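Chains, contacts and geometry: an overview
Each chain, letter by letter, is given below.
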Amino acid sequence: MSQIFHRHSNIYSRLSILGVVLFALTLAGVVAMLHLSGYNTRQNDYVEQPIQFSHAHHVGGMGIDCRYCHTTVEESSFANIPPTKTCMNCHSQIWTGAPILEPVRASFRDNTPLTWTRVHDLPDFVYFNHSIHVKQGVGCATCHGPVDKMPLMYQQAPLTMSWCLDCHRNPARYIRPRDQVFNMAWERPADDPELGARLVRDYNIGSVEQLTSCSTCHR
Amino acid sequence: MDSNTVTHYPPPPPVIEPGHTFESVTEKISRIVLGPSHPVGWFITLGIGFLLLNVLMVSVGYLLLKGIGIWGNNIPVGWAFDIINFVWWIGIGHAGTLISAILLLLKQDWRTSINRFAEAMTLFAVACAAMFPLIHTGRPWLAAYWLFPYPNTMGVWPQFRSPLVWDVFAVGTYATVSALFWYTGLIPDLASLRDRTKNTHLARLFGAMALGWRGSARHWQRYEKAYLLLAGMSTPLVLSVHTVVSFDFAVGIVPGWHATIFPPYFVAGAIYAGFAMVLTLAIPFRKMYGLEDFITMRHLENMAKVTLVTGLIVVYGYTMEAFYGWYSANQYEQFMIYNRMTGPYGWTYWMLIFCNGVVPQTLWIKRFRTNTTWLFVMALIVSVGMWLERFVIIVTSLHRDFLPSSWDMYYPTFWDFSTFFGTIGLFVTLMFLFVRLLPMISIFEMRTLVPAARVKGPKDPTADIDVTFGGG
Amino acid sequence: MDLSAIRSRLASAEGRLYWRSLGELTDSAQFREYLHREFPEQASEWNDPKGRREFLKLMSASLALAGVGACTRQPQEQIVPYVRQPEDVVPGRPLFYASAVIHGGYAQPVLVESHLGRPTKIEGNPEHPASLGAADSFTQAEILNLYDPDRAKIVTNRGEVRSWGHFLTAVQSALTAQAPRGGAGLRFLTGAITSPSLAALMAEILRAHPQAKWHQFDPAGRQGQTGDANARPIYHFDRADLVVTLDADFITCGPGSLRYQRDFSTRRRLTDDRKQMNRLYAIESTPTLTGAKADHRLPVRAADVEGIARELSALLGAVPQGEGASVPRPGEPDIAGWVAALARDLQAHRGRSVVVPGDFQPAAVHQIARSMNEALGNVGTTVTYAAQVEAAPTDRHASLAELARAMDAGEVQVLMILGGNPVFSAPVDLKFSEKMAKVGLVAYHSLYVDETAHLSHWNLPAAHALESWNDARAYDGTVTLTQPLIAPMYEGRSPHEVLALFTPQGDRRGMQIVKDYWTAAYSSGAQWTITSPDDEPFANADAFWKRALHDGFVPGTAVTAGGPATPFDAPSSGLDPSRPAPPVTGDQGGLEIIFRPDPTIWDGSYANNGWLQELPKPLTKLTWDTSAWISPRLAEDRGLHNGDVVELRYRGNAAKMPVWIVPGHPPQSVTVFFGYGRTRAGRVGNADETARQFNPYLLRTSDAPWFGSGLEMARTGERYLLVTTQEHHAMEGRVPVRVATLEEYTKEPAVIAHQAHAFPKTLTLYPDHVYDGYKWGMAIDLTSCTGCGACTTACVAENNIPVVGKEQVSRGREMHWIRVDHYFAGDLDNPESYHQPVPCMQCESAPCEVVCPVAATTHSSEGLNDMVYNRCVGTRYCSNNCPYKVRRFNFLEYADWYTTTLEPLRNPDVTVRSRGIMEKCTYCVQRINQARIDAKREERKIRDGEIVTACQATCPADAIVFGDLNDPNSRVTQVKAQQRNYGVLEDLNTRPRTSYLAAIRNPNPELEPARPAGQTEQH
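Treat the numbers as computed from the prediction; the structure is a model and nothing was measured.

A tally of regular secondary structure across chain C gives 31 helices and 40 strands. Across the 1019 residues of chain C, 66% fall into the buried class. As displayed, chain C offers around 33,400 Å² of accessible surface, 55% of which is attributable to carbon and sulfur atoms.

With that settled, consider the interface of chain C and chain A. Counting residues at the interface gives 41 residues for chain C, matched by 52 residues for chain A. Roughly 4,300 Å² is buried in total at the junction of chain C and chain A, and carbon and sulfur atoms are behind 51% of that figure. Our count for the chain C to chain A interface comes out at two salt bridges. Residue glutamate 939 of chain C pairs with lysine 135 of chain A through a salt bridge whose shortest N-O separation is 2.9 Å. Joining chain C to chain A, the criterion identifies 22 residue pairs in polar contact (both at pLDDT 80 or more).

This part covers the interface of chain B and chain C. Across the contact, 67 residues belong to chain B and 75 residues belong to chain C. Taken over both partners, the interface formed by chain B and chain C buries close to 6,000 Å², and the fraction arising from carbon and sulfur atoms is 56%. A salt bridge links arginine 876 of chain C to aspartate 82 of chain B; its shortest N-O distance comes to 2.8 Å. For the pair chain B and chain C, the interface holds 35 residue pairs in polar contact (both at pLDDT 80 or more). Put simply, the parts of the chain that give the side of chain B that touches chain C at least two residues each are helix H3 (40–66), helix H7 (140–146), helix H8 (163–196), helix H10 (217–250), helix H13 (331–342) and helix H17 (414–437) of chain B.

Residue and element names in this part refer to chain A. A grouping of Ile11, Tyr12, Leu15, Leu18, Val21, Leu22 and Leu25 is seen on the molecular surface, where their side chains present a nonpolar patch of about 710 Å² in accessible area. The topology assignment puts isoleucine 11 in helix H1 (residues 9–36). Residue class for isoleucine 11 comes out partly exposed when judged on its relative accessible area of 45%.

Three or four residues apart is the spacing at which side chains of an α-helix point the same way, because the helix has 3.6 residues per turn. Residue and element names in this part refer to chain C. Spanning 15 residues, helix H6 (residues 164–178) covers 21 Å between terminal C-alpha atoms, matching the ideal 21 Å at 1.5 Å per step. Looking only at H6, the buried set comprises Trp164, Phe167, Leu168, Ala170, Val171, Ala174, Leu175 and Gln178. Down the axis of H6, the buried set is contained in an arc of 165°. They therefore lie on one face. Packing partners of the buried residues in H6 comprise strand E5 (155–157), strand E7 (186–190), strand E15 (414–418), strand E16 (441–446), strand E17 (458–461) and helix H17 (495–500). For H6, the N-terminal capping position is held by serine 163, with its side-chain oxygen 3.1 Å away from the main-chain nitrogen of glycine 165.

Turning our attention to the sheet that holds strand E2 (residues 95–103) of chain C. Residue and element names in this part refer to chain C. If you walk across this open sheet you meet the three strands as E2-E3-E4, and the pairing is antiparallel. Of all the strands in the sheet, the pair left with one neighbour each is E2 and strand E4 (118–124). Between one strand axis and the next, the sheet turns by 40° as a mean value, whatever way the strands run. Across the face of the sheet, helix H5 (residues 137–146) comes into contact with E2, strand E3 (106–115) and E4 while running at roughly 170° to E4.

All names here are of chain C. The side-chain alternation of strand E14 (residues 383–386) yields two buried faces, one formed by Val383 and Tyr385 and the other by Thr384 and Ala386. Relative to E14, strand E9 (residues 232–235) runs antiparallel, the two being bridged by four bridges. Of the residues in E14, the one forming a bridge with proline 233 is tyrosine 385.

Ranked by internal contacts, the top residues of the largest apolar core, which has 299 residues, are Phe117, Met431, Phe434 and Met440 of chain B. Once you skip the residues sitting within four places of it in the chain, methionine 440 of chain B turns out to touch Ile32, Arg116, Phe117, Phe285, Tyr289, Leu291, Phe434 and Val435 of chain B. With 36 residues, the next largest nonpolar core counts Leu206, Ala391, Val498 and Leu501 of chain C among its residues.

Glancing now at the packing of aromatic side chains. Within the structure shown, the criterion is met by 80 aromatic pairs over all chains. For the pair tyrosine 522 of chain C and phenylalanine 538 of chain C, a centre-to-centre distance of 6.0 Å together with 65° between the ring planes defines the contact as edge-to-face. Linking tyrosine 522 of chain C in helix H18 (residues 510–524) with phenylalanine 538 of chain C in the loop between H18 and helix H19 (541–551), this pair joins segments that are 16 residues apart in sequence. Looking at tyrosine 522 of chain C, the relative accessible area reads 22%, which means it is partly exposed. These aromatic residues form a ring-pair network of at least three members: Phe81, Trp88, Trp89, Tyr345, Trp387, Phe391, Tyr410, Phe417, Phe420, Phe421 and Phe427 of chain B. Across the ring face of phenylalanine 294 of chain B, the terminal group of lysine 28 of chain B is positioned such that the distance to the ring centre comes to 5.7 Å. The cationic tip of arginine 367 of chain B hangs over the ring face of phenylalanine 368 of chain B; the distance from NZ or CZ to the ring centre is 5.6 Å.

The next subject is the confidence of the model for chain C. Where the model shows low pLDDT, its predicted coordinates should not be examined in detail. All names here are of chain C. Averaged over every residue, the pLDDT of chain C is 86; the share at 70 or more is 88%. Below pLDDT 50 for its whole length, residues 34–53 participates in 37 contacts with residues either more than four positions away or in separate chains. The low-confidence segment residues 1013–1019 (pLDDT under 50) makes 18 contacts with residues lying over four places distant or belonging to another chain. Among the scores for the predicted complex, ipTM is 0.90 and pTM is 0.89.

Turning our eyes to something else, we now look at the sheet that holds strand E26 (residues 669–674) of chain C. Residue and element names in this part refer to chain C. Read around the closed barrel, the six strands follow the order E21-E26-E23-E25-E24-E27; overall the barrel is mixed. Pairwise comparison of adjacent strand axes, ignoring direction, gives a mean angle of 45° for this sheet. When strand E24 (residues 644–650) meets strand E25 (residues 653–661), the two strands line up antiparallel, connected through six bridges. In the sheet register, valine 645 faces E25, and the bridge partner there is proline 658.

Here the residue pair isoleucine 75 of chain B and proline 76 of chain B is connected by a cis peptide bond, since its omega of 15° sits within 30 degrees of zero. By secondary structure assignment, the location of proline 76 of chain B is in the loop between H3 and helix H4 (81–92). Notably, alanine 392 of chain C is not glycine yet its phi reads approximately 45°, a positive angle. A residue is classified by how much of its surface remains accessible, and alanine 392 of chain C, at 17% relative accessible area, is buried. The backbone of aspartate 958 of chain C sits at a positive phi, close to 55°, despite the residue not being glycine. Within the secondary structure, aspartate 958 of chain C is located in the loop between helix H30 (950–954) and strand E37 (960–964).

Parameters and conventions
- Residues numbered from 1 in each chain as written.
- Chains lettered and ligands numbered in written order.
- Predicted model: local features only at pLDDT ≥ 70, side-chain atom pairs only at ≥ 80, totals over all residues.
- Heavy atoms only, no water.
- Helix = DSSP H or I, 4+ residues; strand = E, 2+ residues; numbered from the N terminus.
- Buried < 20%, exposed > 50% of the residue type's maximum accessible area, 1.4 Å probe, protein only.
- Areas by Shrake-Rupley, 256 points an atom, 1.4 Å probe, with all protein chains shown as cover.
- Contact = heavy atoms within 4.5 Å.
- Buried area = accessible area lost by both parts, 1.4 Å probe.
- Salt bridge = Lys/Arg side-chain N within 4 Å of Asp/Glu carboxyl O.
- Polar contact = N/O pair within 3.5 Å; in protein donor to acceptor, adjacent residues only side chain to side chain.
- Patch = residues over 30% accessible without salt bridge, like charges linked within 9 Å, V, L, I, M, F, W, Y side chains within 5 Å.
- Expected span 1.5 Å × (residues − 1).
- Arc of directions from axis to C-beta.
- Pairing = 2+ DSSP bridges.
- Axes fitted to C-alpha atoms, helices over the stretch in contact; angles between N-to-C directions.
- Core = buried A, V, L, I, M, F, W, Y, C linked by side-chain atoms within 4.5 Å.
- Phe/Tyr/Trp six-rings, centres within 6.5 Å; stacked < 30°, edge-to-face > 60°.
- Lys NZ or Arg CZ within 6 Å of the ring centre and 35° of its normal.
- pLDDT = per-residue confidence, 0-100.

And the structure:
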């Protein structure tokens, strides 16, 4: 009987083997990249806020300390989003007519809170505590990035678990002197490689076992 | 060995009825696939199987919607039908590879007429089994990939100390190798189907599946090598899979689980169940398709003998469990045995002893061994027995463990049963589709059994060595 | 069932073999088959509309879940800051307010945890003498009532929506109509009132309407007290070496139970240096937790308690004049000897003993008890008789009877009911609901739209205790203030605000009423002598008020400290307060029926509270249902099994009850617990058609509310499914609870250690964990534990533990992280009882950890077995491998994601677990973490006692100790160093971190000859 396949089909069949392998690899690669991408982690994307509040202007420009607004960052898990009152402290004096600030004035007038969109949002099963990180010399910029240069707030770090573990597994690489925590411009001194290790000792930061115990962050 | 000793054996009955030629063998087997008509029994059974398959779909769907709570599982009985079914199916999935691989290496030529569908059975049984480790978890959508080690954004790995992780690898490997083994064996037959069919579309399909097999000497030479290698690979797997499965229990501290005898005892049990299932399938098939001259009484009898042997090993296992329980002088072990025999689930234990211990003893007698009806019934009873064995091990051990305060009963629900019978549906459907669409007996290997094939070449004396004890 | 077999086995048994429980009946074939008829395989999920309704929700939910944790994006969330942030509110940190929850008219002092203005947890007020930090289950479960979606929300009149304004006008017109007749047609019905300000309001009303009458009713309240100024006993168990109860359950019942329990266990506590403990004799009818704790227990008919009391008092030479010792019942020869031995023991403990009469025993018994205490010189040391703290105390059943009569006679035009749900709970012989129909205007103020509400014209929603201003007195008279934690969620108002409407002054706010009363009381100093807790007096009334609010109580107002009775300056409550309690009718033959409030839902007022419904009831561990308790002997005679439904006929009334066999129950008595059978309780508490008949109120009469004879019991042949969380009450020689008598223990302390094998700590292949920081551990003292179950409730509240419902409990899927196991030992008719709270043992070499495939449960650096919910995939292997079975699995979506009112209740520091996840006790790791962070921020170590687990905080017996095992001086380390410290199932070498202190009994050698050492619970 006649051949049912053209002789070329040999090469096709061989190629198809290769093809399957390649396809599988590419698929895996794509999924992984999507997973790590900013799309998934919301890294680096600006979010609409009721007011175009600029950290760059207030922190970078005016040099207002983080704690002026984020009052509870040193005593609580939550850094606190400032009440409208805080805005009005200044803006009852300056830019009192600025149309961009109307929502603030409205909120203060009708006693209706502003509604902000979360930028740094950990899953609900993660119990992050600002106060202890600040106390142990984790700078604001370490996780939040150069806030003083952000006209609109965005999430700079991926905030994935492995990202947290980078530091929890080796804090020395990241922590800084306590007095530098709120300093946006601080840079790791090149001449003092031992700094991190020394701080871990001085601040009596928990052992890696403790920092990486599940219940440290999950309950 | 020298020929003198060989001659002491009575000449074994032939593994294929006389009067067959290459042509007749090929014709007879391939007709099942290519032939236009099909026995009505096939349609009926497939229908039932398909019905049950749908039951399975519904059950699993409802399970995913509501959660494990639709089953009877509770605290303390965290595992029940789910794991029972898993172990039961994986056990059944042992005979195939055993028959194909180990008997091949032992040059038991009587295997050829049963190895093909035994392998298929293995695959489908493993498919049924592999479902449970996934769906028995509370959050299968996560278990599906968290159990595999891969670099991830959480920076954590699976917990390699857990037998459940070992399971993933053991079962995974076993399934893959069995599939390869089965398919490799199919290639030459696919080629012959390709050449025999009149339908060009079918021809193309079979042709594609035959991967360009032309039956050249080189092909055969490579094929034999590959097939032998695969056989060599799957032989240890037959042992490893059920050993690892038995670790799921042996590693635990639950009285009735925590026993070193588990691996051998589980493997034997698996082969036991497997052969029973092969008999359950072989007997109707050979009747349905008039294959009595390929699957001869000798095959059935040999399988019966293997069943008897493994059955005895299993019984030894039960005895040892009871003995250890008593000998351990450990109050929990002692109570466990006492509770198994006299507790609220005592009836399951005694039924198990009856099914797996008493019934197979009939096989000492040739008249029973050669009575297909009895073999069929016996095989079914053994399957039930093996299922009960897992029930006894899992449920009766868990429901009364250490603290009397947490003792409780386990009652299966409708969904437990529907899931279980559903998997049987899946199995039957796949099996019956297989016999319709692919040659259920290896054509080319059967050809080697035809006398015409025998005369050629130097005869290998071991080829006829057979299990010849008993024989009433 | 085969009780005779049990008996014979016991008879043949060597020593004190632990016998199999009657709970095994539930394994009987007919029961199993019954269970299936009850719950045809999960069909319930299809039939019940709720199930169907939630099906789609579940579908979407689980499909959504399929994404969670996988590679889906976080949904975008909003943050809503304050406009003007209150000063001391720190988001992420709770605030605690001292307040009180009122139970049976008395204050239960509490400390309420509030997150951003929403109360999430109730704990005891550690500074209050009546609590010392403890809180019972009722008090803690009040938080769930607050958020109950079935609460009364709006004012209605005859079913039409109205406002408080409408009601005010209605009241005023009614009052003007009443004015000429001096308010003769005006009646008030309340429970017991100890609130001075509320009493003042009532007095004000009665002064304005001299003919008006104030009735009181409380179905579960103690027997009415006589008007005698100093009739009320207050016990000081911390000074008593020998306690005798006359059918008294001072451990769980009564306003003082928390303090009593603490004092009792303090006196009972053993240390290696001080090997002395008190001794408890219980003469009681229905088995109670007090009886379970007793070293000697004498089960008798409730009616016989008085006789035995007389007998005892005669032996003590304390017979009240004109009364002779009565002869004990025939056929009970041992009692005489028992009582004699007790008398001798009492004589030996003059001034260090106390006789406690039961709240539910008639006044006569109280008289006898008092005379005995006087004769033994206990008055002033172990018991003081002090002023009443209830305003206008009266016999409440008589008071309600009087009201019923008046209503029937048409004397009542206006009836104002403040809570209490009388239509459901009034004695049946009063036919209260029929007679109420004859009243022109009935206004009902209540937390729920219940049975009474449906027969009242005006329904007035009540504000919850945590929503309102109030004051009430604790058992010792200490005035305790209630402040609102949250603005009323609905239109609710407090009793003060309602009564105020009837006063000449008219509408006032609760805060104003309470604050005015106390600032006035402070400044005038007339009735109340308020002393400052510190030496320097308060600057002014305002300073006093602030301080009192802060502390939660008014110092110096305890009647024991010379505080006054609750002032009630009205001509009279309109009733004769000194009316004696009606005599219990004489022996009618037949069985004796004993009425008791339900142990977990009380008189029915907590019927809609899921936590309490699911809380296992003492001794039986039953949940979700009531039952009639009968003795094994009676069960044998009548051939009854657990769950058989019997018909009870008593004084011409009939009701059905499912029976439960309770060892130690007096043979010829039947105990029924009222509170169940609610028809309008709410979605949780409404009884189905069958269970509706199981309502003892249908049998209860006003002249014998607590017990009476002449009961007939007939089996109906029906069966009813009673679900229990513990089927098996025998130890099977596994000695989870190790027991010894004080004598044995002092003679040979190792007797505890020898009761089971233990392996050397080195017996493990794995290297030991290293703990350079803290190393948490817990010890539970079984000698102290009374099995009250408050720890379970506390745990439920703290850890967002879901309620699963009867059907799931019947399948063995209850979710409690700390359960209280109960074991019987010894004689079937009068067994010893042992309780054992079982949280996670946090094993050193934990079987659960090695078998989890995804490392969802791991060993922390401080020794905890962490459970990571978000990592768990739910293989349930860990639970199978846990020898203590303390792990709980979310078989279905148990957490309620859809009832919005319950959302604020959740503890924000603990993950709400969804379906398919394993969960368990974590030693309240959220509290540990908070403490660790605080300590680090203050650059110090965590102090001993700084971390208090929820169960430990609330334990009235102070049986649970938690702390750092690395600190040699910590309390837990010292406790664990005791010779009676042991680990459960130590022989498995799991090396549990939660250890137990053996239960030591202190029997009277005269009554219980010492056993040869080592013969205790041998296996």
